[in-house]
Amino acid sequence: ETSPGSVWPQPHTVTASPQLYTIDIQAFRFEYLQTSQRCHVADEAFKRYQLLISRSGIKAKFHDKYSTSVISVLPVMITGPCEDMPSLDMKEGYILDVGSNPLLNASSVWGVLRGLETFSQMIWEDPSGQAVANKTHIIDEPRYAHRGLLLDTARHFLPVNVILENLEAMAYNKFNVFHWHIVDAQSFPYVSTVYPNLHLKGSYSSLNLVYTPEMIAQVIEFARLRGIRVVPEFDTPGHTYSWGLGQPGLLTTCYTGGKPNGDVGPINPTVNSSYTFIKNLFTEVRGQFKDKYIHLGGDEVPFDCWKSNPNITTWMAAHNMSGDYAKLEQVYIQQVIDITGAIGFSYIVWQEVIDNGVKAKDDTVVEVWINNHPEVEMAKVTALGYRTILAAPWYLEELTVGEDWKKYYSYEPTNFNGTAQQKALVIGGEACLWGEYVDATNISPRLWPRASAVAERLWSPETVNDVDAATPRLHQHRCRMVQRGIPAEPLHPSYCVFDWM
Ligand SMILES: CC(=O)N[C@H]1NC[C@H](CO)[C@H](O)[C@@H]1O
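Procedures and definitions
Residues numbered from 1 in each chain as written. Predicted model: local features only at pLDDT ≥ 70, side-chain atom pairs only at ≥ 80, totals over all residues. Heavy atoms only, no water. Helix = DSSP H or I, 4+ residues; strand = E, 2+ residues; numbered from the N terminus. Expected span 1.5 Å × (residues − 1). Buried < 20%, exposed > 50% of the residue type's maximum accessible area, 1.4 Å probe, protein only. Polar contact = N/O pair within 3.5 Å; in protein donor to acceptor, adjacent residues only side chain to side chain. Disulfide = S-S within 2.5 Å. Near = heavy atom within 4 Å. Areas by Shrake-Rupley, 256 points an atom, 1.4 Å probe, with all protein chains shown as cover. Nonpolar A, V, L, I, M, F, W, Y, C, P; charged D, E, K, R; others polar. Pairing = 2+ DSSP bridges. Axes fitted to C-alpha atoms, helices over the stretch in contact; angles between N-to-C directions. Contact = heavy atoms within 4.5 Å.

Draft legend 1. Highlighting helix α17 (residues 467-483). In this model, α17 (17 residues) spans 24 Å end to end at C-alpha, consistent with the 24 Å of a helix rising 1.5 Å per residue. Counting buried residues in α17 gives 13 out of 17 residues, a clear majority hidden from the surface. For α17, the N-terminal capping position is held by D466, with its side-chain oxygen 2.7 Å away from the main-chain nitrogen of D468. G485 lies just past α17 and shows a positive phi near 100°.

Draft legend 2. Geometry of the state of the cysteines. On inspection of all chains with the given rule, the structure shows 3 disulfides. Paired by a disulfide, C39 and C82 hold their sulfur atoms 2.0 Å apart. A torsion of -85° about the S-S bond marks the disulfide between C39 and C82 as left-handed. Placement of C39 in the loop between β2 (29-32) and α1 (40-54) and of C82 in the loop between β4 (73-78) and β5 (94-98) is noted, with a sequence separation of 43 residues between them. At a sulfur-sulfur separation of 2.0 Å, the disulfide partner of C254 is C305. Judged by the sign of its S-S torsion, about -110°, the cystine formed by C254 and C305 is left-handed. A residue pair is termed long-range when its members are at least 10 positions apart, and C254 in strand β12 (residues 251-256) and C305 in helix α8 (residues 304-308) qualify at 51 residues. Each member of the pair C254 and C305 is classed as buried.

Draft legend 3. Summary view of the site of the ligand. Near the ligand you find R155, H239, D299, E300, W350, W369, Y395, E397, W434 and E436, and these make up its full shell. With respect to the ligand, the side chain of D299 contributes an N or O atom lying 2.8 Å from a nitrogen atom. One nitrogen or oxygen atom from the side chain of Y395 is found 2.7 Å from an oxygen atom belonging to the ligand. Within the complex, 85% of the 350 Å² of free accessible area of the ligand lies under protein. Considering only residue class, the shell around the ligand consists of 4 nonpolar, 1 polar and 5 charged.

Draft legend 4. Representation of the sheet that holds strand β15 (residues 346-350). A barrel is described by the order of its strands in space; here 8 strands give the closed sequence β9-β10-β11-β14-β15-β16-β17-β18, paired in parallel fashion. Strand-to-strand twist of the sheet, defined as the mean angle between neighbouring strand axes without regard to direction, takes the value 25°. Here strand β16 (residues 365-368) pairs with strand β17 (residues 387-390) via 4 bridges, running parallel. Residue pairing for β17: V368 is matched across the bridge by L390. Its contacts with the sheet place helix α7 (residues 272-288) against β11 (229-236) and β14 (293-297), and it is angled at close to 170° to β11. Packing of helix α10 (residues 325-342) onto the sheet brings it into contact with β11, β14 and β15, and relative to β14 it is tilted by some 165°.

Structure (structure tokens):
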């Protein structure tokens, strides 16, 4: 860009000066300070960002290598122990100085990752074609710990390389959770070695529209190196039609006129085999996914099939809950939560689980998604003492003509009636791109830069909320993502300063 490199999301505290330093982008290096911890995650990031900076599209002309205003090395200081896995508690703060004594200082590798991304965004091309950066002092840390992006690989399969491309784009936006809505009613692409029929019968194609353990491990590793958690969602008891294809007897048989009508409904909550199945499947998932959390779903459970089934009616009578299907759903979710807790997961659930009165473990995270006065739900869930993530205003699959990023940008998560304690229970949010109408052909332009608006809402201070001030910055950020190979769609009539076709 030919204007001072603006950083997106906006850092917490920036003190910039018009004084410029030339950046030796051809041979830029990051080096540990003598007393720094040396960590694999940082080693790998140094390589990525050295490459990114060298390819920044700036045709830097010759400059005097020896003048004091050239920076060709950024020293890095990691003061805390090396960590291998990102987590909800990870520290992502950093201090970055660009000047006569450049330094990136962080207590963890995750802060180094965020500082490297910021530094890479500060380099711009001055009118003479030099790669420069302003003398700047940045103190940065995220407002929220959970800054997620949901991708849905069940309504349409997403090839692993497309997932990786969007993990890369997430890192450019400081997102730190990939919420992998991996299976749903339409298809079951997850390859379970315990229950292979699930993908053999439930995937769109068991040959090539599946995620093998090796592919899942690749996604987790790629995300790990970028400080991104991978939280899988196995949504039950609803949204499970494809599960029944590979696991006969799992789903409820629906009846008409006292006879099975050929339809199936949610998982049958009245038979032990359902819970044995869940335990075995989630135990396998526990061994594969490294994050403390699994997402158990629990959204949109229809009761009509359960109501039609005489065996369920009998069971409910025997358990003194005749007619109370919310109670039946609660019995199911309660058992799944107990099973999941016992195998070592903590969990996230959609809001209906709490709306239906389930007593969840107090470390449960509740995801608010129904966009009908979500501020009322935020007040209710936080009043119950649950940590909460907000998704409702950020359903990116809902399209409108024009600049809907402004709507996403302007939504303030703590705008609900509640005490300071309740607001402190809001640990972040997620941008969700559901897959009914999204596949490899349109996912990235539909995600970016619209999701970037959510990224700043979740990273930057609450006071950074002026849409007019954000507009030129987001335009510049969009061009930067395009220049880095992410086909991010345009915001408004304009152009990027490089010819990118
Ligand atoms: C929690 C949730 O959002 N559940 C469903 N709601 C509608 C979405 C599309 O807008 C998806 O179909 C999603 O599976």
